[in-house]
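Residue-level structural notes
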Amino acid sequence: MSHQSVLLKESVEALNLGDDKIFLDATFGAGGHTREALRLIKRLKIIALDQDPEVIDRAKEIGGIEAFNENFRNLDKVLLEAKIEKVDAVLFDLGISSDQLEESGRGFSFSRDEPLDMRMSKKGVIAKDIVNSWNEGALELVLRGFGEETFSRRIAGEIVRRRKEKPLETTGDLVEAVLAVKPKNPRDKIHPATKTFQAIRIATNEELTSLEEGLVKGFEALKSGGRFAVISFHSLEDRIVKNFFRNLVGKGVALRVGKSLKPIRPSDEEVRSNPRSRSAKLRVIEKI
């Protein structure tokens, strides 16, 4: 399945891009938003970031952009290196591309048996280390806090029980541990392991801490009148974004873009053509 950028038209329009403006695509991914922006506006300067080195290798093949292998929590360092003081628009798309899910071989998906890696950047602690070395209490907290998993205590206990017999090495091993607690039910809307995989991936990549830091630096990097758009895919991310934006609006340093406090959601047509978009929420503010 080729990657389809979620809320593509809505997010690019919301950024209010134009000739000679500077756009920071802080989560380049499959490059859908950058390509759409370049299609619409020829004289646009684009700085693209992604923590996945394979993604940046592909990004460098596109003309007209400067690409950096970096997490958006360090976007201030990138802009300094690029000799840019302020930008006109910032986009964070917090989703994982279909390419990463299906082709990376790093264990992001429970649909195939791969090594338990889950690192976006290919650096640091891998998911296998977390699953096999963190104590039961820490695992339970991760599953409950990052995955909002109702069966967090039982799944953590099952992981610990199994790893005493042999380490959990692959995504298949982790799926089996979850299914021992939560068997598949035909009525389930999502796979029983979905929340566990989300939680372990977030912990492996320190995603929520990176988001909190990135939001602060992204807003600081904006010019007055600049737009900041964030697409989130689960409630933990969206809560952080919503509260951060609400705080800025309350302080009188930003305006909400749009008539409602509600986020922009994918159309019914988009959800039908791309079911992965169903949980997406787009929030946008303008710096004043």
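An account of the accompanying structure is given in this report. Since this is a predicted model, take the numbers as computed values, not measurements.

1. Regarding the environment of threonine 209
- By secondary structure assignment, the location of threonine 209 is in helix H11 (residues 207–221).
- Residue threonine 209 is classed as partly exposed on the basis of its relative accessible area of 38%.
- Spatially, the C-alpha atom of threonine 209 lies 33 Å from that of arginine 272, the residues being 63 residues apart in sequence.

2. Focus: the environment of asparagine 71
- Tracing the sequence through the fold places asparagine 71 in the loop between strand S3 (65–69) and helix H4 (75–81).
- Separated by 139 residues in the primary sequence, asparagine 71 and serine 210 place their C-alpha atoms 7.8 Å from one another.
- In contact with asparagine 71, other than residues within four places in its own chain, are Leu49, Gln51 and Ser210.
- A distance of 3.2 Å separates the side chain of asparagine 71 from the side chain of glutamine 51, its partner in a polar contact.

3. Some remarks on the layout of surface pockets
- The calculated volume of the second largest pocket comes to roughly 270 Å³.
- Taken together, 15 residues line the second largest pocket, and the ones lying closest to its centre are Gln51, Asn71, Ser121, Lys123 and Asn205.
- Taken together, the residues of the lining of the second largest pocket sort by class into two nonpolar, eight polar and five charged.

4. Regarding the sheet that holds strand S7 (residues 281–287)
- Pairing is mixed across the open sheet formed by seven strands, whose spatial order is S3-S2-S1-S4-S5-S7-S6. Since the sheet does not close on itself, it has two edges, and those belong to S3 and strand S6 (254–256), each with one partner. The average angle at which neighbouring strand axes cross in this sheet is 20 degrees, direction not considered.
- Taken together, the three bridges between S6 and S7 define a ladder with antiparallel strand orientation. By the bridge assignment for S7, leucine 255 is matched with glutamate 286.
- Contacting strand S4 (87–93), strand S5 (222–232), S6 and S7, H11 crosses the sheet at an angle of about 150 degrees to S5.
- Packing of helix H12 (residues 235–251) onto the sheet brings it into contact with S5, S6 and S7, and relative to S7 it is tilted by some 20 degrees.

5. Observations regarding the pairing of strand S1 (residues 22–25)
- Here S1 shows a buried face lined by Ile22 and Leu24 and a second buried face lined by Phe23 and Asp25.
- Sheet topology places S1 next to strand S2 (residues 45–50); four bridges connect them, and they run parallel. Considered in S2, the bridge of aspartate 25 is made with alanine 48.
- After leaving S1, the chain enters helix H2 (residues 32–40) and then returns to the sheet as S2, a path that is right-handed.

6. Some details on the pattern of salt bridges
- In this structure the tally under the stated criterion is 28 salt bridges.
- Note that glutamate 66 and lysine 45 form a salt bridge whose closest N and O atoms lie 2.8 Å from each other. Within this pair, whereas glutamate 66 is found in strand S3, its partner lysine 45 is found in strand S2, the two being separated by 21 residues in sequence.
- By relative accessible area, glutamate 66 is classed as partly exposed at 29%.
- Of the charged contacts, one joins glutamate 158 and arginine 162 as a salt bridge, the two residues approaching to 2.7 Å between their closest N and O atoms. With glutamate 158 and arginine 162 both in helix H8 (residues 152–165) and four residues apart, the pair spans about one turn of that helix.
- Each of Glu158, Arg161, Arg162, Glu165 and Glu176 takes part in salt bridges that share partners, so that together they form one network.

7. Brief notes about the packing of H11 against H12
- Where H11 meets H12, the axes come as close as 10 Å, and the angle between the chain directions of the two elements is 25 degrees. Our classification of the angle between H11 and H12 gives roughly parallel. Where H11 crosses over H12, the two elements pack in a sense that is right-handed. When H11 is examined against H12, the residues Glu207, Leu208, Leu211, Glu212, Leu215, Val216 and Phe219 are found in contact with a partner set consisting of Leu236, Glu237, Ile240, Val241, Phe244, Phe245 and Leu248.
- Class assignment of the residues belonging to the contact of H11 with H12 gives a composition of eleven nonpolar, no polar and three charged.

8. With respect to helix H10 (residues 194–205)
- Taking 1.5 Å of rise per residue, twelve residues should cover 16 Å, and H10 covers 17 Å from first to last C-alpha, within 8% of that figure.
- Taken across its twelve residues, H10 has ten buried, putting it largely inside the fold.
- What H10 keeps buried is the set Thr196, Phe197, Gln198, Ala199, Ile200, Arg201, Ile202, Ala203, Thr204 and Asn205.
- Buried positions along H10 lie against helix H6 (127–133), helix H7 (136–147), H8, helix H9 (171–181) and H11.

Calculation notes
- Residues numbered from 1 in each chain as written.
- Predicted model: local features only at pLDDT ≥ 70, side-chain atom pairs only at ≥ 80, totals over all residues.
- Heavy atoms only, no water.
- Helix = DSSP H or I, 4+ residues; strand = E, 2+ residues; numbered from the N terminus.
- Buried < 20%, exposed > 50% of the residue type's maximum accessible area, 1.4 Å probe, protein only.
- Contact = heavy atoms within 4.5 Å.
- Polar contact = N/O pair within 3.5 Å; in protein donor to acceptor, adjacent residues only side chain to side chain.
- 1 Å grid on protein atoms, 1.4 Å probe; cavity = no way out; pocket = protein on both sides within 12 Å on 5 of 7 lines; lining within 4 Å.
- Points joined across faces, edges and corners; volume = space filled by probe spheres on them.
- Nonpolar A, V, L, I, M, F, W, Y, C, P; charged D, E, K, R; others polar.
- Pairing = 2+ DSSP bridges.
- Axes fitted to C-alpha atoms, helices over the stretch in contact; angles between N-to-C directions.
- Right-handed = clockwise from strand over helix to strand, strands pointing away.
- Salt bridge = Lys/Arg side-chain N within 4 Å of Asp/Glu carboxyl O.
- Parallel < 35°, antiparallel > 145°, perpendicular 65-115°, else oblique.
- Left-handed = near helix turned anticlockwise from the far one by under 90°.
- Expected span 1.5 Å × (residues − 1).

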